[in-house]
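Here's the letter readout for the chains.
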Amino acid sequence: QAQVVESGGGLVQTGGSLRLSCAASGITFSSYDFGWFRQAPGKEREFVATIIWSGLITNYADSVKGRFAISRDNAKNTVYLQMNSLKPEDTAVYYCAARLRRYSDFYKSSEYDYWGQGTQVTVSS
């Protein structure tokens, strides 16, 4: 049974950093693309970043480009999201999602097969 579990969220001040982790099990990890999404209170879930199965291609939302970095360690079945220069508007529940590799819209949440339960990130001003 596939399982995706996020960790690493917390409370941080503006300008600070956090690293989120996403551990996956029950899937052939190296065959899956992974994405990070976030949802703030009262808002829709939005795309943050994605990394393809090989790790060779990444994509980011404009709002986080240059501040966030997604990476993966296929030996550890783990995906990371390094978040730097955090802003109050980054406050949200962050979700990790996995999909069997495909050439389709990576920014659409509907394109992902498995989701974690989310981890809260709060950035204080």
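The structure we're discussing is the one just above.
Quick caveat: nothing in here was measured; it's all calculated off a predicted structure.

Colleague: Provide a residue-level description of the nonpolar core, including the pertinent values.
Modeller: Formed by 33 residues in total, the largest nonpolar core has its most connected members in F34, W36, L81, M83 and Y94. Only β3 (18-25), β4 (32-39), β5 (46-51), β7 (68-73), β8 (78-83), β9 (92-100) and β11 (119-124) provide two or more residues apiece to this core. If you tally residues by element for this core, the top one is β9, at 5 residues.

Colleague: Go over the sheet that holds strand β1 (residues 3-7) with me, naming the residues and quoting the values.
Modeller: Spatially, β1-β3-β8-β7 is the arrangement adopted by the 4 strands of the open sheet, whose pairing is antiparallel. One side of each edge strand has no neighbouring strand; the edge strands of this open sheet are β1 and β7. Strand-to-strand twist of the sheet, defined as the mean angle between neighbouring strand axes without regard to direction, takes the value 15 degrees. As defined by bridge partners, β1 adjoins β3 across 5 bridges and the pair is classed as antiparallel. The residue bridging Q3 from the neighbouring strand is S25, located in β3.

Colleague: Would you mind going over the packing of aromatic side chains in detail, with residue names and values included?
Modeller: Taken as a whole and judged by the stated rule, the model has 9 aromatic pairs. Look at F37 and Y112: their rings are 5.2 Å apart centre to centre, the planes differ by 80 degrees, and that puts the pair in the edge-to-face class. Taken together, the positions of F37 in strand β4 and Y112 in the loop between β9 and β10 (114-115) put the pair 75 residues apart, joining distant regions of the chain. Its relative accessible area of 1% is what places F37 among the buried residues. The interplanar angle of 50 degrees and the centroid separation of 5.1 Å between the aromatic rings of F37 and W115 together place this pair among those described as tilted. With F37 in strand β4 and W115 in strand β10, the pair connects residues that are 78 residues apart, well separated along the chain.

Colleague: Could you give an account of the environment of R38, naming the residues involved and the relevant values?
Modeller: Positionally, R38 belongs in strand β4. Given the relative accessible area of 5%, R38 is considered buried. Sequence separation between R38 and Y95 is 57 residues, and the spatial gap between their C-alpha atoms is 5.8 Å. Not counting chain neighbours up to four residues away, the residues in contact with R38 comprise E44, R45, E46, V48, S63, V64, F68, E89, D90, A92, V93 and Y94. Side chain to side chain, R38 and D90 meet in a polar contact 2.9 Å long. Here Y94 takes part through its side chain, which lies 2.9 Å from a polar atom of the side chain of R38.

Colleague: Just give me the short version of unusual backbone geometry, but keep the residues and values in it.
Modeller: Here the phi dihedral of N77 falls at roughly 55 degrees; this positive angle occurs in a residue that is not glycine. Here N77 lies in the loop between β7 and β8. Residue N77 is classed as partly exposed on the basis of its relative accessible area of 28%. Its identity is not glycine, yet S85 carries a phi of approximately 50 degrees, on the positive side. Along the chain, the position of S85 falls in the loop between β8 and β9. Note on S85: relative accessible area 41%, which makes it partly exposed.

Definitions and limits used
Residues numbered from 1 in each chain as written. Predicted model: local features only at pLDDT ≥ 70, side-chain atom pairs only at ≥ 80, totals over all residues. Heavy atoms only, no water. Core = buried A, V, L, I, M, F, W, Y, C linked by side-chain atoms within 4.5 Å. Buried < 20%, exposed > 50% of the residue type's maximum accessible area, 1.4 Å probe, protein only. Helix = DSSP H or I, 4+ residues; strand = E, 2+ residues; numbered from the N terminus. Pairing = 2+ DSSP bridges. Axes fitted to C-alpha atoms, helices over the stretch in contact; angles between N-to-C directions. Phe/Tyr/Trp six-rings, centres within 6.5 Å; stacked < 30°, edge-to-face > 60°. Contact = heavy atoms within 4.5 Å. Polar contact = N/O pair within 3.5 Å; in protein donor to acceptor, adjacent residues only side chain to side chain.

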